[in-house]
Structures are given as structure tokens and as C-alpha cells.
Amino acid sequence: MAIRNIRVMGDDILRKTSKPVKKITERTKIMIDDMFETMYETQGVGLAAPQIGVLKRIVVIDVGEGPYVFINPVITEKSGEQTGEEGCLSIPNKVAEVTRPNHVVCEALNEEMKPFTVEAEGLFARAICHECDHLDGILYPDVANGPLMDLAEEEEEQEQEEQE
């Protein structure tokens, strides 16, 4: 396994549409392992293949409910609403407020190319939406409710609010 370089905003590959995966090769399995290692090393909760420069419809997510691999994911249901701060490994040290569905149903294939369906709420639903957006060249500032803020500024504001 290896840590991959994460592409950052401004890199053209992040704006391209990823291609469906037709079969799993040994190289693809290694890439998925590398994606998990990269995500954990950078303390992320999700990572999409385009973020490491690969235009394949593959996403890895771990919000504490176990690691998930989504191959060719499709969100089939969305309901409810949640608004909160979102960040991204491809946009370091920035956050913005984003409104996402609070509940999603996502159909995908696993590493053995077997179909599965997952129902997700809260952070898990947010992560699925965020990572699936990457597969279509969408970054969270495109859907944010306001401007990007520096993470340091946001932490300072939180500290000030706590002191009041």
C-alpha cells in the first residue's frame, strides 16, 4: 500500500466526469487499498478516485461505521435536509456551509463487483453525496451556501463563541 498524492482545487482532473468501472483488476484493488491508506493518513472520511488522479467511479468512505468501497455508485433516494460545515482533502484548510440530504439510499458495487445498497443518514449521507459529486467533477464550493472560509478563522470564531 502507498500514500497517493491528492490533487487540489485548480487541477483540471477534479472537474472531469469519471468513467464507470467495468471490471476489477489487481491494479484497481491496489489503488483502492492506497485510497484507504491515503484517506486515513490525511484524516479524511472519504476519498474519490479523481482526487488521486484516476478518472474511475470509485469512492471510499469511513465515517466510523466501517470502511465502505463504492464502485459505480448511484444515489437512488434523497430525503430530509442537513446544513453544516464541509471540508475536502482537495481544498486544504478551507470549509464552507453546505446543505445536503439528511438521508440517502445509494446503490453500488463492492470490490468483488457484487451489487449492494446502503441507507445512510447524517455524516454518512453527507460523505456519500460529497464523494459522488467528485465523480462528476463537482466540488463542494459549487454547492456551498456561502464562501469558503479559512479553517483557522473558523476555529477562532468557534473559540470566541465558546468564551462568550
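As a reminder, the structure under discussion sits directly above these lines.
Procedures and definitions
- Residues numbered from 1 in each chain as written.
- Predicted model: local features only at pLDDT ≥ 70, side-chain atom pairs only at ≥ 80, totals over all residues.
- Heavy atoms only, no water.
- Helix = DSSP H or I, 4+ residues; strand = E, 2+ residues; numbered from the N terminus.
- Rg over C-alpha atoms; globule rule 2.2 N^0.38 Å.
- Areas by Shrake-Rupley, 256 points an atom, 1.4 Å probe, with all protein chains shown as cover.
- Lys, Arg positive; Asp, Glu negative; His and termini not counted.
- Charge placed at Lys NZ, Arg CZ, Asp CG, Glu CD.
- Expected span 1.5 Å × (residues − 1).
- Buried < 20%, exposed > 50% of the residue type's maximum accessible area, 1.4 Å probe, protein only.
- Phe/Tyr/Trp six-rings, centres within 6.5 Å; stacked < 30°, edge-to-face > 60°.

A. Fine view of the overall build of the chain. A count of helical and extended segments in the chain gives four helices and eight strands. Scanning the chain from its N terminus toward the C terminus, one meets helices and strands in the order α-β-β-β-β-β-β-β-α-α-β-α. Its C-alpha atoms give the chain a radius of gyration of 16 Å, near enough to 15 Å, the size a compact globule of 164 residues would have. Overall, the chain is about 55 × 35 × 25 Å in size when its C-alpha atoms are taken along their principal axes. For the chain, the accessible area works out to roughly 8,900 Å², and carbon and sulfur atoms hold 46% of it. In the chain, 16 positive and 33 negative side-chain charges are present, and the distance between their average locations comes to 16 Å.

B. Spatial organisation of helix α2 (residues 122-135). Between its first and last C-alpha atoms α2 spans 21 Å; for 14 residues at 1.5 Å apiece the expected length is 20 Å, and the two agree. Counting buried positions along α2 yields 13 of 14 residues, so the element is predominantly enclosed. Positive phi shows up at Gly-137, right after α2, with a value of about 75 degrees.

C. Quick peek at the packing of aromatic side chains. This model, assessed by the stated rule, comprises five aromatic pairs. Measuring from centroid to centroid gives 5.8 Å for Tyr-68 and Phe-70, while their planes differ by 25 degrees, and the two rings are stacked. Overall, the relative accessible area of 24% leaves Tyr-68 in the partly exposed class. Assessed through its relative accessible area of 2%, Phe-70 is described here as buried. Here Tyr-68 and Phe-124 contribute two aromatic rings whose centre-to-centre distance is 5.0 Å and whose plane-to-plane angle is 40 degrees, an arrangement assigned as tilted. Of this pair, Tyr-68 sits in strand β3 (residues 68-79) while Phe-124 sits in helix α2, and the two are 56 residues apart along the sequence. Given a relative accessible area of 2%, Phe-124 falls into the buried group. Linked through ring pairs, Tyr-68, Phe-70, Phe-116 and Phe-124 together constitute an aromatic cluster.

D. Representation of unusual backbone geometry within the structure. The residue Gln-43 is not glycine, and still its phi comes out positive at about 60 degrees. Tracing the backbone shows Gln-43 in the loop between α1 (26-41) and β1 (46-48). Of note, Asn-72 is a non-glycine position whose phi angle comes to about 50 degrees, a positive value. Counting through the fold element by element, Asn-72 comes out in strand β3. A residue is classified by how much of its surface remains accessible, and Asn-72, at 18% relative accessible area, is buried.

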